[in-house]
Structure formats: structure tokens, C-alpha cells
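# Close look at the chain arrangement
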Amino acid sequence: MTFEREFSHLFAESTDVTATPETVMTHVLDFANYGDWFTLHSGWPSPPPSSLSVGDTFEQNARIMGTPVRLSWTVTTLTDFSLAIEGTGPMGAHAAIGITATPHNSSGTTVTVTNGFHSDALKGPMGAIVSRAMRTATVESLANFRTVLGDTEDASALPARPKPTIPPKPEPVLHLPSGTTIDPWTPVIVGVGQVTHNPDDGSRDPMELAVSAAQRALDDATHPTLPAQRTRVSTVPSTSWSYGDHQSAILANELNIVSPDLAQSAPLGGDGPLRLVNNAADAITHGEIDFAVISGAEAFASLSRHGTNDTWNRDTTTPFAPLRLGSDRSGNNHAEEETGLLTPTVMYGLMDTALRGRLGHTIADHREKITRLWAGFSTVAANNPYAWIREQLSADDIGKPTESNRPIATPYTKLMTANITVDQGAAVVIASAAAAHEAGIPQEQWVFVHAGAYADEEWFVSERHTLGEVPAIGAIGDALTQHLGAPVSDADHIDLYSCFPFAVYAAARELNLPLDDPKKPLTCTGGLTFAGGPLNNYATHGLASVTAAVRNNPGSTGLATALGWYATKHAATVVSTNPLGSNSATSTSALACNGQRRGR
């Protein structure tokens, strides 16, 4: 398929069907039923065209990576066995879709879908993310198309996840470091692992990194293998390469876990890791599982430097649909789409400006505060062996626009934004106290999961009553404080999600944390700019680093937070080397909180 213009991202996927080319094209041109198979399609703003000619134009609503977009198409090719449409979308994006039906030599048809994508506003890793999402959607669409033609059963349908079996409760466990007898189903983190790979040393794919991080976590737990049963394998979906609903099954296969429970977080959302951790801890308290491994990774640095190859693909049999945690709801409404408020840099810049107005800061004063905050984060990253940028930078280095530190969106330069072009993986292993004790995992390794919470903000930014505050984080803080019996701000080691300064500043205000206390930095990693921003999986790094800090300071408490979209969906986890009271298992759970607006 040849298009009229060139595209920076161009790819094709094919499938064979038993239908004739004529039947294939009948379905291709049946726009009224596109929702039956075309996964990116979300509707028609006006009735779909019933017939087409070259030069015809029409509009289509689509959803790419959860973001609603409106595409304006022009028919550029139409023959008996081919269709090509080319058009434009938000932010000056250009796209094209070509579909051809080629008869086999014997019988049946090869259906090929070719996609083109280009956007000056989405170059580099972001462009690769969008392109990869489109490619994944194309593969899924072709599978759906085969189903529509009657060639296969619904390829996307997996058997339902089996209900867990609850065994008799074991005897209580004596925790020697605290001298406390604890519930056997108390959840404890027993291992953490992190991996950072330099693409100068070659290419690694996300699954390689996730497996490596998980194995490091198991080694950290002095327990290099997990039981075949009563073990949950949870994954944070990668965006540099999509494994769909099969990611957890692939990881389980790589780790030789034969009959695991499976869970995955939503396809997009930085809150995913802590939702997986909190849910696994909750499952342990109810006797549903004995062990859980939570792992994720991104390989955008390898993708950018080396591209992909066949080794990135993984084949496995997924026995049932994994437990899905978190929301895959779109982050934008139609008004935001129409005005171009579609990227995190723009949205967070807008919210930061609103915060500055609410605080009454001048532009210069506010820039000084957020660049000084970020300079402190760079100091932490400089001492983090897993950080991507291990260079201590000054506030002036961060705030001053240069050729290598260009302005991104007011008030942010590049060095105040998440750095997603990384190769990084992180993992956490959780066990019940009884399972950890029986496996011989040293109790000095145990870090207790005291509590977890999650909350959603008013979903769409443009519909919030104020743009400069995030009361959902305050609701999480209130819930955790009530559960713990002490202010969450008393935590000794803290890692606030840090995609942009606004995320940290707003969270610190809600949780009553000081921004500039050198004895209590608000990061244990260095943040998404300097430590690295592996999209959905950053919070796994954050919790792993908090866990390590707590271990190194027995008796201390740690807090990790996470968020998704535009400070929209939130999660938090509190951990400590000491058990919470005499029966922590019955009081540890994922607390659902709705963000309530609170006046200031």
C-alpha cells in the first residue's frame, strides 16, 4: 500500500481468512459495523458514509491509548480489493490506514492493514508509544475481523479467573525483631529488585527487564523460586511493547511458576503498581494467596536506539483472564480534546500555573521554589545506583533554558518533566508471614505492609472546581492516618510520585509535608526526571527504594504514592519493619476513598 504523503511511523500487519476478497471488502466498506472489529473506533460524529469514492471526506471518533481523538479522513485509494484513507487529527497529527484483500493462489484471502502516523508534536519516544499502540490495535482488529468473518471464535475471550481456595489458617508467627506474635496472614514485603540497562550495551526488551527485576527481588528474598500454586504473578503493563492480557502469564512462564493466580493493572496509569501491591497484600490477609510478585519494565531507550526485533515477541498460553485492577477510562473529555489539552506536559503546566496563582507566588518566586525542589531530587538521584541521570544539578541548571534543556510547557523545562527514554525494571515480592517463615526467609528482610489506599480525583481536569489542588490525595492521607492511628506525615522515608513538580507540590500540601526539609526528602529515588520515568511502572521503583530505606533503618516507616493521568487516579502504600499492632493482617486492606473537595 502506497500513501500520498510520507510518515515517520509506517507498519503493516496481515492475516489469512477463508473468505473471498469480495466478501472481505464488503465488510471493510461496511462502516456502520466498524465497532464490531476495529478496536480504535469509538463512533461517528455524524452518520457513517454508506458509499465511498476517491476524494470523499468524513470524520471518525477514535480512542488511542485511552485518549479520545477526532480524525478527519479523505479517501485517497479505492479499488475492488483496496481502500486507503489519509487524514489529520489533534495537534497537527497525520495518519493513514490502508486495507488490501489479496486472493490466495488456492483459496481464501490475505488481509493486510497498513498504518501511517506522523506528528511534529509527538516525536521521539512519545511518537513511538502512539505508533506501538496503533500497531497493537491493528493486530487486535485483525483478530476481531477474523471473528466477524466466522473464521475463529472470539480471540479476545479468555476463560474466567477461578475463585481462590482458602485453606485452614496456620498458627500465629513470632516476629523476633519486635517480640510480637503476629497473624500468620500478615503481608510482608520480603524482596525488592531494580534493573537499569544502558542501551550502549545492546538492546533489551521490557519482558527481559521485568524478569531480571523479579529474579533480583527473589534473590533479595533469599528465595530464588516461588511455589507453583498459591502464588500470584502481577504485572504492570508495558507501553514500549504491548503484551496485552498475556503479560502476567508470560512473566509466570519465564519464572517457571506453573499454576499462578494472575493480575494486571490498567493499560495506562502510574497508580497501577501500588494498586497491585495493595490488592496482593489484601489477598494475603484473606488467605487467598501465600506469595505475590509484582513486576514491570520499560525499554524505550533500547527502542529508540536499536528498534525492535522478533525476540521482543513472546508466545505463551494464558489460562484465564487476569484480575484487572484500576481504571482504563479515558483521561480527557471532548472539550479538552478540542482545545488540544491532550498531553501531560500541557495539563501539568496548566495545573502548576493554577497552583502558583492560588499560592500568590510571582512567576520568578514560583520558578525558584520548584527548581530548588527538583535540585534536591537530583541530589538523591546522584546517590541512587539505579538512577538514569546520576548528576547533581543546581536549581539554575534545571530552570535555565538551553539547547539541551528546552522549554516544554510553562513553567517547565525538559529537566522538570518525566524522562521516559529509559530501560528500567523493578519488582516487589510479598508473602504471608507464615509462608515467609516456612520458606526460611530471614525476618530481617521482612517489611510489613501497614496499609494501602486509593482515590480518584474529579476525573476530567476541566471539570474540577480548582486546578491547583488535588483533594483526592488529601482523602488518601486522611484514610491512612485514621487507619494507622498516626499522621501519615510522620513517615520517615517518603517517595511522592514526581512526574512534574506540580504532582509533588500538590501532594505535599495535601499530606502536610514540608517541601524543603533536607532531613526528610520527598523522594527515595530522585524522581521521574533523574531516577527515570518508566511510565506505568515508576511506583514499583519508588516502593522498592522506600522498602530498602526502611530496612536500613529498623523501626522506621515509609510512604510511597502513585498517580495516573493528570493527577486523576491515585494510590499509596505505607510500610514498616515493625508490625502494626498485634494483628496487622486483619487491619491491612486497600481502602477505597473518593476524593472530596476540601476548602483551604
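Here we summarise the structure given alongside this text. (Residues numbered from 1 in each chain as written. Predicted model: local features only at pLDDT ≥ 70, side-chain atom pairs only at ≥ 80, totals over all residues. Heavy atoms only, no water.)

### Observations concerning the pairing of strand β6 (residues 94-103)
Note the cut-off: Remark: exposure states derive from per-residue accessible area (1.4 Å probe, protein chains only) relative to the maximum for the residue type, with buried under 20%, exposed over 50%, and partly exposed in between. Helix and strand labels come from DSSP, where a helix needs a run of H or I of at least four residues and a strand needs a run of E of at least two; each type is numbered from the N terminus. By definition, two strands form a pair when at least two bridges between them are found by DSSP.
Of all 10 residues that make up β6, 7 are buried, and the element is covered over most of its length. Between strand β5 (residues 82-88) and β6, which pair antiparallel and follow one another directly, the connecting turn spans 5 residues, one of which, Met91, has a positive phi of 60°. If you look at the hairpin formed by β6 and strand β7 (residues 109-118), you'll find 5 residues sitting between the two strands, and Gly108 has a positive phi there, around 85°.

### Some details on helix α13 (residues 501-510)
How we decide: Contact criterion: two residues are considered in contact whenever any of their non-hydrogen atoms come within 4.5 Å of each other.
For α13, a buried count of 9 out of 10 residues is recorded, marking the element as mostly surrounded by other parts of the structure. Inspection of α13 places Pro501, Phe502, Ala503, Val504, Tyr505, Ala506, Ala507, Ala508 and Glu510 among the buried residues, and these make up the whole buried set. Where α13 is buried, its residues contact α8 (344-359), α9 (363-382), β16 (412-413), α12 (471-484) and β20 (557-564). Two residues or fewer after α13 comes Asn512, characterised by a positive phi angle close to 60°.

### Side note on the pattern of salt bridges
Applicable threshold: One side-chain nitrogen of Lys or Arg within 4 Å of one carboxyl oxygen of Asp or Glu is enough to make a salt bridge.
One pass over the full model with this rule turns up 16 salt bridges. Linking Arg314 and Glu254 is a salt bridge whose minimum nitrogen-to-oxygen distance equals 3.3 Å. Residue Arg314 is located in the loop between α6 (300-306) and β14 (323-325), and its partner Glu254 is located in helix α4 (residues 247-254); the two are separated by 60 residues in the primary sequence. What makes Glu254 partly exposed here is its relative accessible area of 34%. Because the salt bridges share partners, they merge into one network encompassing Arg161, Arg232 and Asp261.

### What to know about the nonpolar core
The test is simple: The nonpolar core is taken to be a set of buried Ala, Val, Leu, Ile, Met, Phe, Trp, Tyr and Cys residues, with the residues joined through side-chain atoms within 4.5 Å.
By size, the foremost hydrophobic cluster in this structure holds 85 residues, and its most contacted members are Ile189, Tyr348, Leu480, Leu496, Phe502 and Leu559. Every residue in contact with Leu480, bar those within four places of it in the chain, is listed here: Ala451, Gly452, Ala453, Val488, Leu559, Ala572 and Val574. If you look at the next biggest cluster of nonpolar residues, it comprises 46 residues, including Met207, Ile250, Ile257 and Ala433.

### Structural notes on the packing of α9 against α13
How we decide: Note on geometry: axes are lines fitted to C-alpha atoms, helical ones only across the stretch in contact, with angles between N-to-C directions running from 0 to 180 degrees. Each angle gets one of four labels, with under 35 degrees taken as roughly parallel, over 145 as roughly antiparallel, 65 to 115 as roughly perpendicular, and the rest as oblique.
Relative to each other, α9 and α13 sit at 95°, their axes nearing to 10 Å. Classified by the angle their axes make, α9 and α13 are roughly perpendicular. Residues His366, Lys369, Ile370, Leu373, Trp374 and Phe377 of α9 touch α13, and the partners they reach there are Pro501, Val504 and Tyr505.

### Regarding the sheet that holds strand β4 (residues 67-79)
Taken together, the 7 strands give an open sheet; going across it, the order is β1-β7-β6-β5-β4-β3-β2, and neighbouring strands pair in antiparallel fashion. One side of each edge strand has no neighbouring strand; the edge strands of this open sheet are β1 (9-17) and β2 (41-43). Strand after strand, the sheet turns through a mean of 30° between neighbouring axes, direction not considered. As judged from the 7 bridges shared by β4 and β5, these two strands associate in the antiparallel manner. Its bridge partner being in β5, Thr77 is matched across the sheet by Ala84. Contacts from helix α1 (residues 21-28) reach β1, β5, β6 and β7, with the element oriented near 155° to β6.

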